[in-house]
Amino acid sequence: MGSLRGGGGRGLPQGLGIGLSVMTSWLYGGDPAANLEVGPLFASLNKKLEEGWFEALLERVFLKNDHFCRVLLTPSATLGEEERAEEAARLQAARDSWTEAEEAELRAQQEALDAWQSAGDTPEALAKLPMLRISDIPAKPEELPLEEGRLGDTPLLRHAAATDVNRQIYTITRQVEETLQRQNDLTAEQLSCASLLGVLLAELETEDHTGAQLQKLQRSLMGQITASVEPYGQPNLPDTCRTFFCLSFSALEAKLEQAAALAAEILTRTKFDNQQRLRELLRQTAIRTEESVSAAGHQYAANRVSAGLTAVGAVKEYAAGISYCQWLKDTEKHFEDRGEDLSTALRALSEKLFTSGRLTVSVTGAEDAACAALEKTLLARLPRTARQELPCAVKAWGVRKEGVIVPTDVSYAALGGSLLEQGAS
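What you see is a predicted model, and the numbers here were worked out from it, not measured in a lab. (Residues numbered from 1 in each chain as written. Predicted model: local features only at pLDDT ≥ 70, side-chain atom pairs only at ≥ 80, totals over all residues. Heavy atoms only, no water.)

**Student:** Explain the overall build of the protein chain here, please?
**Tutor:** Of the regular secondary structure elements, the protein chain holds 16 helices and six strands. Across the 425 residues in the protein chain, those meeting the buried criterion constitute 32%. Long-range pairs, those at least 24 residues apart, make up 75% of the contacts in the protein chain with a sequence separation of at least 6. (Helix = DSSP H or I, 4+ residues; strand = E, 2+ residues; numbered from the N terminus. Buried < 20%, exposed > 50% of the residue type's maximum accessible area, 1.4 Å probe, protein only. Contact = heavy atoms within 4.5 Å.)

Below you can see the structure in the form of structure tokens.
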């Protein structure tokens, strides 16, 4: 709901996201503008909510539905081999059924297809494709507005740029969580724990609200809320980086103060003692991450290589890479023994990170009321600590030659090196 109202592009540039939304109806003869205005849709849903329409739907579809299906899934270690053997037998049977004339015709068709696919396009066909010219691309990247200031004692990054027609204000709070080794501020395991913390925030209940109440408040006050560990490097300095725990959310101007208060509650009053819910979320995260490794192994392999070359890559590996996936699986496997310790670690980590001394606020929006609302709510509710600028001691792993087994038929390989060592800058 929040992404629809905020005009979210599903991780794409906003214009491209809107264009794809237009095409989903336009391609099939519908109104191109059907998906651009969602206000009437939510008005209709709210009216149905008041009239008991959803209760009637649940009763008809689930409670009074006599149709059912029971599906039993049995894992097999030989299924892949069996399917390949069946496919080979099917193809061989089809080939054995051909006459010499049919086989010759099929070979001719394949040769014609190969020739067509490898042939170049005619100038007339190429002219039909829309193309960018070099002159269409600006010579320099667009400079985004940035004004550095203070919000009380807290550094403020202000981006006085227009957001969208809904006048949303995008707010990011960054909690510094540097370093791994020399200062021992965060260990490698704590980086993985911090990444899991980003998943749990806004999902677990707080001291003031249950999980269901929290979800309802988020939907009514915020467009979207995310939390993640993000490292930032410096040019030509592969051995250093600055790592942040970023909480970001968007909100309408009229609801910003309430949204910021809710963000402060999530940061400072989340409860980690519900072992059942914690285990559920941990298991879900471990499964999603393992599936992601199988589906996008090339990206994880590349990041693994980067971890051997740069501090940024090492942090990403602990926070979102194969090492993170392995930590999640191991923690979930031994949850019976480690569940209480995990709750304690999450609580201690949140108390360590979410303080005024580690905070930087970044606001995108032209409205001055945003900063006042954040100072009144978010800053006022975070524990007060002295400002800390922790020196970074994250180091790259160095060269590794390794293989990681993943449950997929596709293999991924990555090889990398440092251009800096070859004199590049």
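**Student:** Where do I start with a nonpolar patch on the surface in this structure?
**Tutor:** Taken together, the side chains of M23, W26, L27 and Y28 present a nonpolar region at the surface, about 510 Å² in accessible area. Within the secondary structure, W26 sits in helix 2 (residues 14-26). (Patch = residues over 30% accessible without salt bridge, like charges linked within 9 Å, V, L, I, M, F, W, Y side chains within 5 Å. Areas by Shrake-Rupley, 256 points an atom, 1.4 Å probe, with all protein chains shown as cover. Salt bridge = Lys/Arg side-chain N within 4 Å of Asp/Glu carboxyl O.)

**Student:** How should I be thinking about the packing of aromatic side chains in this particular structure?
**Tutor:** Here the distance between the centres and the angle between the planes together describe a pair of aromatic rings. Taken as a whole and assessed by the stated rule, the structure comprises five aromatic pairs. Ring centres of W53 and F54 lie 5.1 Å apart, and the angle between their planes is 90°; this geometry places the pair in the edge-to-face category. Classification of W53 as partly exposed rests on a relative accessible area of 38%. Residue F54 is classed as partly exposed on the basis of its relative accessible area, which comes to 29%. (Phe/Tyr/Trp six-rings, centres within 6.5 Å; stacked < 30°, edge-to-face > 60°.)

**Student:** I keep staring at the pairing of strand 4 (residues 224-234) and nothing clicks. Help me out?
**Tutor:** On a regular strand, one side chain projects to one face of the sheet and the next to the other, so that they alternate. Pairing analysis gives 11 bridges linking strand 4 to strand 5 (residues 237-252), with the strands arranged antiparallel. Bridge pairing in strand 5 links Y232 to R242. As consecutive antiparallel partners, strand 4 and strand 5 are separated by two residues, and within that stretch N236 has a phi angle of approximately 65°, a positive value. (Pairing = 2+ DSSP bridges.)

**Student:** Help me understand the side chain of S294 in this model?
**Tutor:** With respect to the element layout, S294 can be found in helix 11 (residues 275-295). Excluding its chain neighbours within four sequence positions, the residues that come into contact with S294 are P407, T408 and Y412.

**Student:** Which parts of the structure should I look at to understand helix 14 (residues 322-333)?
**Tutor:** An α-helix turns once every 3.6 residues. As a result, residues three or four positions apart point the same way. Taking 1.5 Å as the rise per residue, helix 14 with 12 residues should run 16 Å; its terminal C-alpha atoms sit 16 Å apart, in good agreement. Turning to helix 14, the residues buried within the fold contact helix 8 (188-200), helix 11, helix 12 (297-307), helix 13 (311-320) and helix 15 (335-353). (Expected span 1.5 Å × (residues − 1).)

**Student:** For this particular structure, what's the right way to read unusual backbone geometry?
**Tutor:** Negative phi is the rule for most residues except glycine; trans is the rule for most peptide bonds. Even without being a glycine, A202 presents a positive backbone phi close to 75°. Within the fold, A202 resides in the loop between helix 8 and helix 9 (211-221). A202 sits in the buried class, given a relative accessible area of 7%. A positive phi angle, near 65°, is found at N236, a position not held by glycine. Tracing the sequence through the fold places N236 in the loop between strand 4 and strand 5.

**Student:** Would you mind showing me how to read the side chain of E317 here?
**Tutor:** With respect to the element layout, E317 can be found in helix 13. Among the polar contacts made by the side chain of E317, one reaches the main-chain amide nitrogen of S323 at a distance of 2.7 Å. Setting aside its immediate chain neighbours within four residues, E317 contacts N303, R304, A307, I322, S323, Y324 and W397. (Polar contact = N/O pair within 3.5 Å; in protein donor to acceptor, adjacent residues only side chain to side chain.)

**Student:** What is the right way to read the pattern of salt bridges from this model?
**Tutor:** Close approach of charged atoms allows side chains of opposite charge to pair. If you walk through the whole model with that rule in mind, you get 17 salt bridges. For E103, the salt bridge identified is with R107, shortest N-O distance 3.1 Å. Taken as a pair, E103 and R107 lie in helix 6 (residues 100-118) at a separation of four residues, close to a single helical turn. Given the relative accessible area of 47%, R107 is considered partly exposed. Of the charged contacts in the structure, one is a salt bridge between E290 and K329, with a shortest N-O distance of 3.0 Å. Here the residue E290 occupies a position in helix 11, and K329 occupies one in helix 14, the gap between them amounting to 39 residues. Linked through salt bridges whose partners overlap, the residues forming this network are R95, E103 and R107.

Purely geometric numbers; function is a separate question.
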